[in-house]
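# Chain and residue survey
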Amino acid sequence: MLKGKKILLGVTGSIAAYKAANLVRLLVTGGAEVQVLMTPAAKDFVTPLTLGTLSKSPVLSEIFSESEWANHVHLGRWADAMLVAPLSCNTLAKMATGLCDNLLMAVYLSATCPVVVAPAMDEDMWQHETTNLNLQALEKAGTHVIPVEDGELASGLFGKGRMAEPEIIVEYLQKMFAAGMPLSGKRILISAGPTYEPLDPVRFIGNHSTGKMGMALARVALEMGAEVTLVCGPVQVEIPPVQHLVKVQTASEMMTACLEAFAGADIAIMCAAVADYRPEIKATEKIKKEGDEMIIKLVKNPDILQALGAQKRKGQLVAGFALETENEENNALKKLASKNADFIILNSLKDEGAGFGSDKNKITIFDTRGGKQSFGLKTKEAAARDIFNTILSYV
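A brief report on the enclosed structure follows.

## Regarding the packing of aromatic side chains
- The final tally for this structure, using the stated rule, is 2 aromatic pairs.
- Centre to centre, the rings of Tyr196 and Phe204 are 3.8 Å apart; their planes meet at 15°, and the pair counts as stacked.
- Ring centres of Phe343 and Tyr394 lie 4.7 Å apart, and the angle between their planes is 65°; on these two criteria the pair is classed as edge-to-face. Of the two residues, Phe343 is situated in strand S17 (residues 343–348) and Tyr394 in helix H13 (residues 380–394); the sequence distance between them amounts to 51 residues. Each member of the pair, Phe343 together with Tyr394, is buried.
- Here the basic side chain of Arg369 rests over the ring of Tyr394, its NZ or CZ set 4.0 Å away from the ring centre.

## Section: the pattern of salt bridges
- In this structure the tally under the stated criterion is 18 salt bridges.
- Between Glu165 and Lys19 there is a salt bridge, with the nearest N and O atoms lying 2.8 Å from each other. Of this pair, Glu165 sits in the loop between strand S7 (158–162) and helix H8 (166–178) while Lys19 is found in the loop between strand S1 (6–11) and helix H1 (20–29), placing the two residues 146 residues apart along the sequence.
- Under the relative-accessibility criterion, Lys19 is labelled buried at 7%.
- Between Lys312 and Asp342 there is a salt bridge, with the nearest N and O atoms lying 2.9 Å from each other. Here Lys312, found in the loop between helix H11 (304–311) and strand S16 (317–324), pairs with Asp342, found in the loop between helix H12 (328–338) and S17; they are 30 residues apart in sequence, far enough to count as distant.

## A few points about the sheet that holds strand S11 (residues 227–232)
- The strand order S12-S11-S8-S13-S16-S17-S19-S20 describes an open sheet built from 8 strands, whose pairing is mixed. Since the sheet does not close on itself, it has two edges, and those belong to strand S12 (244–247) and strand S20 (372–374), each with one partner. Put simply, the sheet's adjacent strands are angled 15° from each other on average, direction ignored.
- Alignment of S16 against S17, held across 6 bridges, turns out to be parallel. Looking across to S17, one finds that Ala322 is bridged to Leu346.
- Packing of helix H10 (residues 251–262) onto the sheet brings it into contact with strand S8 (187–192), S11, S12, strand S13 (267–270) and S16, and relative to S8 it is tilted by some 170°.
- This element, H12, spans S16, S17, strand S19 (364–367) and S20 of the sheet and lies at about 155° to S17.

About the cut-offs
Residues numbered from 1 in each chain as written. Predicted model: local features only at pLDDT ≥ 70, side-chain atom pairs only at ≥ 80, totals over all residues. Heavy atoms only, no water. Phe/Tyr/Trp six-rings, centres within 6.5 Å; stacked < 30°, edge-to-face > 60°. Helix = DSSP H or I, 4+ residues; strand = E, 2+ residues; numbered from the N terminus. Buried < 20%, exposed > 50% of the residue type's maximum accessible area, 1.4 Å probe, protein only. Lys NZ or Arg CZ within 6 Å of the ring centre and 35° of its normal. Salt bridge = Lys/Arg side-chain N within 4 Å of Asp/Glu carboxyl O. Pairing = 2+ DSSP bridges. Axes fitted to C-alpha atoms, helices over the stretch in contact; angles between N-to-C directions. Contact = heavy atoms within 4.5 Å.

Right under this line is the structure:
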């Protein structure tokens, strides 16, 4: 949801300014382009060098410098959102009254984008009637105010006034951008990656899944406004900044996590390459090499897709993947029926350039209405969009 978004981050003179470094990091990791603005007082709490390095863009503080003029009108029109975090009591008063005596205020008064603020101040200042009136003025002007938190304050007292944590602020922005998007308000459960079934503390049974398709689904779901729970097996690829991440190793762990998340999900897409079998016995010590052969008894793992299909209630949709090497369409249709799924997404190891480890995929989607849609070879993110568009057309 933050990918490609342009964020103006205003940092003001508050002890909470130290949190701005982590906030910038989270925004950039989420795919946003961040331009930091600082009031002169903010530099006493965190350095421009730190925030400029993390944002990969020079920090702006003065309207005029020896080398250039910071165009506040351009900045106010450039951004998709302006975020002031922390918002000090002083800057709050300036925003409420329109006092324009620094670059941050000039940009605020020029901003044509949504403005979000995260206040930070001591409890007595927060509870003061003047502060309440200033907050009301901001909200009346359409500014989004993220509530303060309870906790230890800079004064040593405990009470209201702490700035919301960076993770909460990022989540707020994600929800704001999600409003009106195709999956806004939808809770999506996605499984991704392989499972590892241990033989002993050293060895395991696994497969070649990298998790790339599942990660593509998670990224696209976020971009389309969904709240995403990602249940992820062991992977080496970058994991998108989903709202809920559960890391697992085995099929049994994945089963437990998926069943728990499915209770609150609207749509579940089981993309993980789950091991069908696991060793009946896991050795507590490393198995030594003895003799010319070793026989391992395997037992069946739980069928996660079938379990979700059996438990789904009215209004929930379940999709699964079918990776086939022969009788592909027949096997996919059998899986669609036997798992009580709404969609089966077929891909084949025979399709050159698709499959495990590739950045591309070639899919065919079958649904319970008898529909069949085939898509050409394309990036996994493009394939993920095809999947979500198909599901949305089904609702």
